[in-house]
Structure formats: structure tokens, C-alpha cells
Amino acid sequence: MFEFATATRILFGEGTIGQAAPAAASLGTRALLVTGADTTRCAPLMRALHDTSLPFIPLAIAGEPTIQQIRSASECARDERCDLVIAMGGGSAIDAGKAIAAMLKNPGEPLDYLEVIGRGQPLERTPAPMIAIPTTAGTGSEVTRNAVLASPEHRVKASLRSAAMLPRLAVVDPELTLELPPAVTASTGLDALTQLIEPYVSRRANAMTDLYCREGMRCAAAALPKAYTNGADRAARRDMAWASLLGGLSLANAGLGAVHGFAAPVGGMFPAPHGAVCAAVLPYAIDVNIRALRQRAPESDALRRYDEVARLLTGNPQATAADAVEWTAEICRRLEIPPLRSYGVRPQDFDELAQKAAKASSMKANPIELTHDELMEIVTRAA
């Protein structure tokens, strides 16, 4: 038995951004338009919203959203009588949009509902309708049920999570990713890949997410190097948008693992982009997981799954789990992923990061419970 939930409606393909404004007009009467700091790619949508006579209030959020930003934005949306949220941008903008839509309709403040550092209460009311339009191919946030918020005072990131937070509409238009620079293509693309590998070996993997993960890993392994080398490669961009969407569908229904367990504390303590952290940690988390499984759970199905991950990534039908470690390490080198130390992570931080990773919600689905020493090994090697 398993449960599967996703966005009410998904539009995928080149040019689908043209359908966003008419859809928005059918969902609300006044919109809050949440974007990242760079609003250039949002200009066509803004013009289309004007053409449909749907009033909207623009709100740019630079970087990853903080709890205080969500408080302020929710108050602004209420004051402006917004009944719809549209989020267009990377995963941070979409997470902000989902959180604002939730708080727009629910009493209290974000800490009432946040995991780990908050009270973790369930949402009392259905969030406002929300449209998610990704402009990167990585997070899959357009089809996930959580919003990651940073808490500078706690030096960590935590999720606001509910199935009710799934967007009413996800518009995935690969053309919006054509101008992404190579470094962003690399970090977001490796985040997408991680979000296909981790759900596949997760304790909560199911038959439906397995289908998505296999297809997504195959696509991403071939397309990511091409998109990195030539950002104008439309086929590669389309395949990466597809892989990212499949990763979002998978993680929302099967969970993640140790890589994302570290992503939250590292991103909360240091100015490190989420995707870059995932990429830096990925090969070492796979390696340590495989060794821990062989030592303490040699009968685990996750070991067979790591073998299949290797075959999907390499295209070699004889590949084994060790080849998955080698392949991920090599693509991180090829895509010039910086180590964690480039963001300020130092040996004196390792113990705190390992302790926080152990408590992260993402760690609950890791295929095996890792010891403190094993977590220390991952962060030491990634740094």
C-alpha cells in the first residue's frame, strides 16, 4: 500500500507559460506574484496578467526565504486582499509562494507549523490557491508538499509541510531555463539527480515513485552534461526539466535521505546554495550508505537498488553500486562543483553539522540509520 499526492494540474512543455495568466484569472481575483531577485524572465507573465485584467502585487524575495520574510509577505498579502499566489523563479521563490499561500489562510505564524524548530502543528485551513512556475531545473518544488524556510537565529532550515500545500497548478516550461548559466545548471541539475537517487533507495520507496526515479535518472545522466556544456540545447533542457519534475514527484511521496539531511544544516549555517551542497555531499553519502548497509543490513533491498542506480547512471548493464559512487564523483568534478569549505565550512563545524543532520526530517527516509561517525565521515569528505 502507498499514498501518492501531487499538484492538482501539471502543464509541461515549451510555450506552456502562455497558459499561466488565463489559468490564474480562473483561480483568483487579485494575485501576489512572488519572484526571485531577478524579475527579467517574469516580464512576459506580468504583461499577460495585465492583458487578462488580473490585478497583482509583485514581491521579489532575494535568496532563500526566511521565517521573517514569510511573516511580512503574508501580512502584505492579507492587507492587499490577495486571494491567489503565483510563484515564478527557482525553488526558493516557489517555496516562498507555497508558505505565503499557507499562512495567508491560517492563523498564527510560521513557527506554529514548522518542523524541527517549530511546533509542527498541522495546518488548520486549506491554503490559498497557488500556481508554481519554475525557471530552473532542479528542485521540483512545483510538485512538492513542503516549503523550506531559513531561520538565521537557529542557523538551520526547516520545512513547513502539508499535502494541502501542493500547488493548484504547476507550469513547467523548459524554455524558461535556456539562459541559465553553467554553474546554476550544474548545481540545480545535480539537486534534481539527487532527488531521483534518494527516493529510489528510500525506506518509503513505492512502485509509482520507482517508475519516476528510473526514468528521471536515465534522462538526467545523459542530459545534464549536455545542458552544462551548451545551455541552448533545447532537448537537454527539456530532459532536465522533465527529470526535475519527476524528482519532485518522487521526493514528495517517497522521501529523501542523508544528502538532504546535510543540506538543511549546511544551508542554514553557511551562505551555500542548496543544490551546490547536495552536489558536494552526494558521492560521499552514497559511498557511506552502501558500506553501512553491507555491514549492518546486507539483506536490504537498498543494496540491489544502488546497483540499479549505477546501471541507470552509467548505461552499463554490468555496473554495481561502487560504480554509482565513481560516476557521481566524476560528474561533480566535470561540472566543477566546489567543496563545502568554499562556503566557509571548517573542521570545527563538522560535529555540529553531523548532529543537526541526524535530526533533519529528510534523514528519516535514509535506507539505514547512520552513526555519528558515519555522518562525520560524509561531511569531512565533502568539505
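Just above, that's the structure.
Per chain, the residues get numbers from 1 upward, laid out in the order the sequence is written. Totals for whole chains, interfaces and linings use every residue, but because this is a predicted model, local features are given only for residues with pLDDT of at least 70 and side-chain atom pairs only at 80 or more, for both listing and counting. Only heavy atoms go into the side-chain values, all of them from the structure, while hydrogens and water stay out.

A. Spotlight on the layout of surface pockets. Using a grid of 1 Å spacing that covers the protein atoms alone, one calls a set of points a cavity when a 1.4 Å probe fits there but cannot get out, and a pocket when the set is open and has protein on both sides within 12 Å along at least five of seven lines; lining residues are those with an atom within 4 Å of a point. Grid points are joined across faces, edges and corners, and a volume is the space filled by probe spheres set on the points. By volume, the second largest pocket is sized at about 190 Å³. Residue lining of the second largest pocket: 14 residues in total, with Ala280, Tyr284, Cys332, Arg333 and Ile337 positioned closest to the centre. A helix here means a DSSP run of H or I that spans at least four residues, while a strand means a run of E at least two residues long, and both kinds are numbered starting from the N terminus. Of all the secondary-structure elements, those providing two or more residues to the lining of the second largest pocket are α9 (274-296), α11 (321-334) and α13 (372-382). Of the residues forming the lining of the second largest pocket, the biggest block, 4 residues, is contributed by α9. Classifying every residue of the lining of the second largest pocket gives 11 nonpolar, no polar and 3 charged. Ten residue types, Ala, Val, Leu, Ile, Met, Phe, Trp, Tyr, Cys and Pro, are classed as nonpolar, four, Asp, Glu, Lys and Arg, as charged, and the remainder, Gly among them, as polar.

B. Layout of the nonpolar core. Each nonpolar core is a collection of buried residues, namely Ala, Val, Leu, Ile, Met, Phe, Trp, Tyr and Cys, held together in the definition by side-chain atoms within 4.5 Å. Whether a residue is buried, partly exposed or exposed follows from its accessible area with a 1.4 Å probe, protein chains only, as a fraction of its type maximum: under 20%, in between, or over 50%, in that order. With 81 residues, the main nonpolar core has Leu190, Met217, Val281 and Leu340 as its most contacted residues. It is α9 that provides the largest number of residues to this core, a total of 13 residues. The contact criterion used throughout is that any non-hydrogen atoms of two residues lie within 4.5 Å. Residue contacts for methionine 217: discarding those within four places in its chain leaves Leu193, Leu196, Ile197, Tyr200, Val309, Leu312 and Leu313. Counting 31 residues, the second largest nonpolar core, distinct from the first, contains Ile57, Val85, Tyr113 and Leu149.

C. Inspection of the pairing of strand β8 (residues 169-172) at higher detail. Alternating positions in β8 separate into two faces, Leu169 and Val171 on one and Ala170 and Val172 on the other, with burial throughout. Any two strands with at least two DSSP-identified bridges between them are counted as paired. For strand β1 (residues 9-12) and β8, the ladder comprises 4 bridges, and the chain directions are parallel. Bridging from a neighbouring strand, phenylalanine 12 pairs with valine 172 of β8. Judged from the 2 bridges that link them, strand β5 (residues 130-134) and β8 form a sheet pairing that is parallel. Paired with alanine 132 across the strands is alanine 170, a residue of β8.

D. Local environment of the packing of aromatic side chains. Stacked, tilted and edge-to-face pairs are distinguished by plane angle, under 30 degrees for stacked and over 60 for edge-to-face with tilted covering the rest, among Phe, Tyr and Trp rings (Trp via its six-membered ring) whose centres lie within 6.5 Å. Tallying each qualifying case throughout the model produces 2 aromatic pairs. Plain terms: the ring middles of phenylalanine 4 and tyrosine 212 are 5.8 Å apart, the flat faces sit at 55° to each other, and that makes the pair tilted. Pair noted here: phenylalanine 4 is in the segment before β1 and tyrosine 212 is in helix α6 (residues 207-229), with a separation of 208 residues, a long-range link. What makes tyrosine 212 partly exposed here is its relative accessible area of 23%. Measuring from ring centre to ring centre gives 5.6 Å for phenylalanine 12 and tryptophan 242, while their planes differ by 65°; the resulting arrangement is edge-to-face. Within this pair, whereas phenylalanine 12 is found in strand β1, its partner tryptophan 242 is found in helix α7 (residues 234-254), the two being separated by 230 residues in sequence. For tryptophan 242, a relative accessible area of 31% translates into the label partly exposed. Stacked on the ring of tyrosine 200, the Lys or Arg arginine 305 has its end atom at 4.7 Å from the ring centre. Charge-over-ring placement is defined geometrically: NZ (Lys) or CZ (Arg) within 6 Å of the ring centre, and within 35 degrees of the ring normal.

E. Broad picture of a nonpolar patch on the surface. Patch criteria: residues need more than 30% relative accessible area and no salt bridge. Like-charged residues are merged within 9 Å; nonpolar side chains of Val, Leu, Ile, Met, Phe, Trp and Tyr are merged within 5 Å. Note on areas: Shrake-Rupley, 1.4 Å probe, and residue coverage restricted to the protein chains presented here. For this analysis, a salt bridge means a side-chain nitrogen from Lys or Arg found within 4 Å of a carboxyl oxygen belonging to Asp or Glu. Where nonpolar side chains cluster on the molecular surface, the patch consists of Ile10, Phe12 and Trp242 and spans about 220 Å² of accessible area. Within the secondary structure, isoleucine 10 is located in strand β1.

F. Structural detail: the packing of helix α10 (residues 301-314) against α11. For the pair α10 and α11, the least separation of the axes is 7 Å and the interaxial angle reads 45°. By the angle between their directions, the pair α10 and α11 is classed as oblique. The handedness of the crossing between α10 and α11 is left-handed. Contacts from Tyr306, Asp307, Val309, Ala310, Leu313 and Thr314 of α10 reach α11 at Ala321, Asp323, Ala324, Trp327 and Thr328. When its residues are assigned to classes, the contact of α10 with α11 shows 7 nonpolar, 2 polar and 2 charged. Note on method: axes are straight lines fitted to C-alpha atoms, helices fitted across the in-contact stretch only, with angles between N-to-C directions ranging 0 to 180 degrees. With respect to orientation, any angle under 35 degrees is reported as roughly parallel, any angle over 145 as roughly antiparallel, any angle of 65 to 115 as roughly perpendicular, and every other angle as oblique. Each crossing is labelled by how the near helix is turned from the far one, with a counterclockwise turn of less than a right angle marking it left-handed and a clockwise turn marking it right-handed.

G. Region of interest: the environment of lysine 364. Considering the arrangement of structural elements, one finds lysine 364 in the loop between α12 (350-359) and α13. With relative accessibility at 63%, the residue lysine 364 sits in the exposed group. Considered as a pair, lysine 364 and glutamate 198 are 166 residues apart in the sequence and their alpha carbons are 12 Å apart.

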